[in-house]
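The primary structure of each chain is shown beneath.
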Amino acid sequence: MTDPMSTLADRLGGIAYGGDYNPEQWPEDVWHEDVRLMREAGVNLVTVGVFSWSRIEPRPGAYDWALLDTVIDLLHTAGVAVDLATPTAAPPPWFSKAYPRSLPLTASGTRLSHGSRQAFCPSSPDYARAADAVVGKLARRYADHPAVVMWHVHNEWGNHNALCYCDTSAAAFRTWLRDRYTTPARVNDVWGTDFWGQRYGDWEEIDPPRDTTAFRNPGQELDYRRFSSDALLARHRAESALLREASPGIPITTNLLGTLEKKVDGHAFARQSDIVSVDHYLVAADPGNHIDLALNADLARGMADGRPWLLMEHSTSAVNWQPVNVPKEPGEMRRNSLTHLARGADGILFFQWRQSRAGAEKWHSAMLPHGGTGTRTWGEVSSLGAELGAMSEVRGTRVQADVALLFDWHAWWALELEARPSQHLRYLDTVRDWYGALWDLGVTCDLVAPDTDLSRYRAVLAPSLYLVSDTDADALHSYVRGGGHAVLGPFSGAVDTHDRVRTGGYPGAFRDLLGLVVDEYLPLRQGESALLSDSSRALLWSERVASRGCTARLRFADGPDGGPARGGPAVTRHSYGGGVGWYAAAALPAQSLRDLLDAVCREAGAEPAAAVPPGIEAVRRRAGDRSYLFLVNHTDREVRIPVAGHTALDGSALPEYVSLPAGDVVVLRERAVPQQASLHREGAR
Ligand code: GLA
């Protein structure tokens, strides 16, 4: 089957470029200027209608299409394609007044008001009915409009309203539990309700995990997160079904939030989308935010199963929702955009086209700033449009990663439940540390769900995969037995899918694979550290490991400096079947983590995309005999990179090297296709 993203790119005639277009905020004469400037900036795709429900249906059941009709026609005449959004992320005020019980209820029982967006309970039947009605009308009205090339379902599912604790949610939760567990007895079993005498005798006794006296039941809490994500996924599916029915050929997407969103299971939503789209925003205060960008791009690609994906939103400059909203440096927006492209995006879009003059996001940057076309941002936006226009040949190529990093929302939810060994060991921090070490090594990885087919990877990393199903744990064992290299991080494999401890010694799911047993988790106090045999110091976490066949590659130092696990193994290696299982029994400091992952990659034969100096990001995209090397200079000086035999995309031949100024990006067309990476079974480098 043809990939929907490639069909879309063919329709657009190149890489998608554009952003959210909210003409509702402006008078009609501005729309004409908008489309003229869109053409000038090389925009070929805009998302329309995201928050337009109160315009489309100003009174219940009374529809007014004048604005959308005019805008979509105008865009079409100008040759700008439309990603038409369902407006369901912003129910109109009349809806909330008519159905006050559809407003979300917090865990402490506060009913939220209308006045922002996503002010609805995910399980509200009134919301579902109203949303389906407007989506059905929208779908039928525009299904055959030649401008509409994609449907954009909702906006960032669950960003503001994923967890609702109202009585309607309670009833829906009971239905969800009944479907999954059949009897209250089974619920008692998986939630361990004999602890603190919480046994349920009847479905009606079960409520959402609302605020209570002390710790909530962790199984209930975990299932509530699953239920809540599923409730929104059901809405996503319902809207998608209506769109598909009206226009079978038009691809459907929804903008996911990657690691910015803990509350919904991104993999589940990605699997229900024809094209995977993500939004990404830099945290201005984070000096390593370009690494977070790469991580999220690799997660988007993982969610897309390796296929090209869309960057649906990022910012041209400052956002407005961080404590201090620092504008991007000159060139930073281009660097961000091309890094997403390097990592497999076939489209670069922004929130939003024209900067608002009123409303909650008027201080958020846009493609066309308050200052108009004389601004630095506009200059950068239009030159990026031209540059992407000239890069069309890159689209459709794919990034091939030798390494998989398992990323799982269920493990994230479970690891961060209340009452655990350390509040300071956080899922995303560990994932970021591990990803950062790999980024430093220049090795590209896909962030994938634990149930992904791992056979195409040379090495698999599982940083703190605290919760794992028996099936996924078995698959990891088979992968290693078959010759793979797996690296597990601290506090992995501790519990089953219901957050019940796997007894008999930690890490219960992986003792055999790793050839060890841990009898106690030994978290470190804040400010405490444990000296390691490589002279670095572990913070936060240590474990007492007893070997059952593994060998220690790094140890906690003997003596008091080594912390509570003093003298014991901190990193282990274990031959298992034809492969190797590695374990990090500590929250390793950056250098030790880099050394560990370097050793694993070398042994597994996972190579960096190119040999480049530190601070240079190198990623390759390829398909058939087309191959492109992206080089991004994150340093503050010009760097000379030896890349003989390449040409720049503009066709200019390079001498023996490329000189890449500070902050710059170059895309090279590779003359000869470099040796294709072989599977892990074929041996080490
Ligand atoms: C999200 C939303 C947009 C906008 C931006 C601001 O990505 O989807 O509507 O609010 O954040 O950064």
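Residues numbered from 1 in each chain as written. Predicted model: local features only at pLDDT ≥ 70, side-chain atom pairs only at ≥ 80, totals over all residues. Heavy atoms only, no water.

Participant: Can you walk me through the domain arrangement of the protein in this structure?
Facilitator: When the parts come together, some accessible area is lost, and that loss is often what is quoted as the size of the interface. Domain annotation of the protein identifies domain 1 (1-43 + 276-395), domain 2 (47-67 + 84-149 + 158-256), domain 3 (403-604) and domain 4 (616-682). Taking the mean C-alpha position of each, domain 3 and domain 4 sit 33 Å from one another. (Domains from an automatic or database assignment.)

Participant: What should I look at first to understand the nonpolar core in this one?
Facilitator: One recurring pattern in soluble globular proteins is that nonpolar side chains are buried together. Residues Leu75 and Phe510 are the most contacted members of the largest nonpolar core, which totals 173 residues. Per-element tally for this core: the top contributor is helix α15 (residues 427-441), with 9 residues. Apart from residues no more than four positions distant in its own chain, Leu75 is found in contact with Tyr21, Val35, Met38, Val46, Val48, Val80 and Val82. (Core = buried A, V, L, I, M, F, W, Y, C linked by side-chain atoms within 4.5 Å. Buried < 20%, exposed > 50% of the residue type's maximum accessible area, 1.4 Å probe, protein only. Helix = DSSP H or I, 4+ residues; strand = E, 2+ residues; numbered from the N terminus. Contact = heavy atoms within 4.5 Å.)

Participant: Can you help me understand the packing of helix α2 (residues 28-41) against helix α13 (residues 376-389) in this one?
Facilitator: In helix packing, the relevant descriptors are the interaxial angle and the interaxial distance, both defined with respect to the helix axes. The geometry of α2 relative to α13 is characterised by a closest axis approach of 7 Å and an angle of 60 degrees between their N-to-C directions. Classified by the angle between their axes, α2 and α13 sit oblique to one another. Seen from α2, the contacting residues are Leu37, Glu40 and Ala41; seen from α13, they are Trp378, Val381, Ser382, Gly385 and Ala386. When the residues that make up the contact of α2 with α13 are grouped by side-chain class, the tally is 5 nonpolar, 2 polar and 1 charged. (Axes fitted to C-alpha atoms, helices over the stretch in contact; angles between N-to-C directions. Parallel < 35°, antiparallel > 145°, perpendicular 65-115°, else oblique. Nonpolar A, V, L, I, M, F, W, Y, C, P; charged D, E, K, R; others polar.)

Participant: Looking at this model, I keep getting lost on unusual backbone geometry. Mind explaining?
Facilitator: Excluding glycine, residues mostly carry a negative phi; peptide bonds, for their part, are mostly trans. Here the bond from Phe351 into Gln352 is cis, since omega is -5 degrees, no more than 30 degrees from zero. Following the sequence through the fold, Gln352 ends up in the loop between β9 (345-350) and α13. In this model, Tyr506 is joined to Pro507 through a cis peptide bond whose omega is -15 degrees. As for its position among the elements, Pro507 is in the loop between β14 (485-488) and α17 (511-514).

Participant: What's the story with the packing of aromatic side chains in this structure? I'm lost.
Facilitator: What describes a pair of aromatic rings is the distance from one ring centre to the other and the angle between the planes of the rings. Going through the model one piece at a time under the given rule, you end up with 31 aromatic pairs. Aromatic pair Phe195 and Trp196: ring centres 5.2 Å apart, planes at 35 degrees, arrangement tilted. One exposure class covers both Phe195 and Trp196, and it is exposed. Considering the side-chain rings of Phe407 and Tyr427, the 5.6 Å spacing of their centres and the 55 degrees angle between planes classify their relative orientation as tilted. (Phe/Tyr/Trp six-rings, centres within 6.5 Å; stacked < 30°, edge-to-face > 60°.)

Participant: I would appreciate a short explanation of the pairing of strand β20 (residues 579-584) in the present structure.
Facilitator: For a regular strand, the rule is simple: side chains alternate between the two faces of the sheet. Along β20, 6 of the 6 residues are buried, which leaves the element largely enclosed by surrounding structure. Pairing geometry for β14 and β20, over 4 bridges, is parallel. Looking across to β20, one finds that His485 is bridged to Val580. Where strand β19 (residues 569-576) lies against β20, 6 bridges are found, and the strand directions are antiparallel. Counterpart to His574 in the pairing with β20 is Gly581. Where β19 folds back on β20, the antiparallel hairpin that results is connected by 2 residues, among which Gly577 adopts a positive phi of roughly 55 degrees. (Pairing = 2+ DSSP bridges.)

Participant: What am I meant to see in the site of the ligand here?
Facilitator: By nearness alone, every residue bordering the ligand is listed as Phe51, Arg117, Asn155, Glu156, Asp279, Tyr281, Glu313, Trp321, Phe351, Glu361 and His364. In this structure, an oxygen atom belonging to the ligand sits 2.5 Å away from a side-chain N or O atom of Glu156. For the ligand, an oxygen atom lies 3.5 Å from a polar atom in the side chain of Tyr281. With the chains in place, 96% of the 310 Å² that the ligand exposes on its own is no longer accessible. Of the residues assigned to the shell around the ligand, the class counts are 4 nonpolar, 2 polar and 5 charged. (Near = heavy atom within 4 Å. Polar contact = N/O pair within 3.5 Å; in protein donor to acceptor, adjacent residues only side chain to side chain. Areas by Shrake-Rupley, 256 points an atom, 1.4 Å probe, with all protein chains shown as cover.)

Participant: What exactly am I supposed to notice about the environment of Leu233 here?
Facilitator: As for its placement among the helices and strands, Leu233 is situated in helix α9 (residues 218-246). We classify Leu233 as buried; its relative accessible area is 11%. For the pair Leu233 and Trp157, spaced 76 residues apart in sequence, the C-alpha separation works out to 8.3 Å. Excluding residues that lie within four positions of it along the chain, Leu233 makes contacts with Ala268, Phe269 and Gln272.

Participant: Please clarify how the environment of Asp83 should be interpreted in this entry.
Facilitator: With respect to the helices and strands, Asp83 occurs in strand β3 (residues 81-85). The exposure class of Asp83 is buried, given its relative accessible area of 0%. The sequence separation of Asp83 and Trp409 amounts to 326 residues, and the corresponding C-alpha distance is 28 Å. Not counting the four nearest positions on each side in its chain, Asp83 is found in contact with Leu45, Val46, Thr47, Val48, Met150, Trp151, His152, Thr253 and Met312.

Participant: Honestly, the UniProt feature "domain: Beta-galactosidase trimerisation" (unreviewed entry) in the protein in this entry has me stumped. Any pointers?
Facilitator: As recorded in UniProt, the sites labelled "domain: Beta-galactosidase trimerisation" (unreviewed entry) are residues 401-605. Annotated as residues 401-605, this span is 26% helix and 28% strand, and its ends, taken at the C-alpha atoms, are 12 Å apart. (UniProt positions renumbered as here; feature names shortened; annotations may be inferred.)

Participant: Before we go on, may I ask you to explain the UniProt feature "domain: Beta-galactosidase C-terminal" (unreviewed entry) in the protein in this structure?
Facilitator: On the UniProt side, "domain: Beta-galactosidase C-terminal" (unreviewed entry) is annotated at positions that read residues 615-670 here. Regarding residues 615-670, the helix share stands at 0% and the strand share at 59%, and the terminal C-alpha atoms are separated by 22 Å.

Participant: What should I look at first to understand the sheet that holds strand β18 (residues 551-555) in this one?
Facilitator: Each strand in a sheet pairs with another by means of backbone hydrogen bonds, the pair being arranged parallel or else antiparallel. Read from one edge of the open sheet, 7 strands run β12-β11-β13-β14-β20-β19-β18, paired in mixed fashion. Each of the sheet's edge strands pairs with one partner strand only, and the pair in question is β12 (445-448) and β18. In this sheet, adjacent strand axes meet at a mean angle of 20 degrees when their direction is disregarded. Here strand β11 (residues 403-406) pairs with β12 via 4 bridges, running parallel. Residue pairing across strands places Leu406 opposite Val448, the latter belonging to β12.

Participant: Looking at this structure, how should I read helix α4 (residues 66-77)?
Facilitator: Residues three or four positions apart in an α-helix share a direction because the helix packs 3.6 residues into each turn. Between its first and last C-alpha, α4 extends 17 Å over 12 residues, near the 16 Å set by a 1.5 Å rise per residue. Three or more residues of α4 are buried, namely Leu67, Leu68, Val71, Ile72, Leu74 and Leu75. When α4 is viewed along its axis, its buried side chains cluster within an angular range of 160 degrees and face the same direction. Buried positions along α4 lie against β1 (16-21), α2, β2 (45-48), α3 (53-56), β3 and α6 (125-142). Just beyond α4, the residue with positive phi is Gly79, at close to 80 degrees. (Expected span 1.5 Å × (residues − 1). Arc of directions from axis to C-beta.)

Participant: Can you walk me through the packing of α6 against α9 in this structure?
Facilitator: Contact geometry of α6 with α9 gives a least axis separation of 9 Å together with a crossing angle of 25 degrees. In this view, α6 runs roughly parallel relative to α9, as classed from their interaxial angle. Helix-helix and strand crossings are classified by hand; for α6 and α9 the assignment is right-handed. In this structure, α6 contributes Tyr127, Ala128, Ala131, Asp132, Val135, Gly136, Ala139 and Arg140 to the contact, and α9 contributes Arg235, Ala238, Glu239, Leu242, Leu243 and Ala246. Here the residues of the contact of α6 with α9 are counted per class, giving 9 nonpolar, 1 polar and 4 charged. (Left-handed = near helix turned anticlockwise from the far one by under 90°.)

Participant: Would you mind showing me how to read the sheet that holds strand β10 (residues 398-399) here?
Facilitator: One open sheet accounts for 5 strands, arranged β10-β22-β23-β27-β25; its pairing is antiparallel. Of all the strands in the sheet, just β10 and β25 (646-648) have a single pairing partner and so form its edges. With 8 bridges joining them, strand β22 (residues 616-623) and strand β23 (residues 626-633) adopt antiparallel strand pairing. Looking across to β23, one finds that Ile616 is bridged to Asn633. This element, helix α12 (residues 332-342), spans β10, β22, β23 and β27 (665-670) of the sheet and lies at about 145 degrees to β23.

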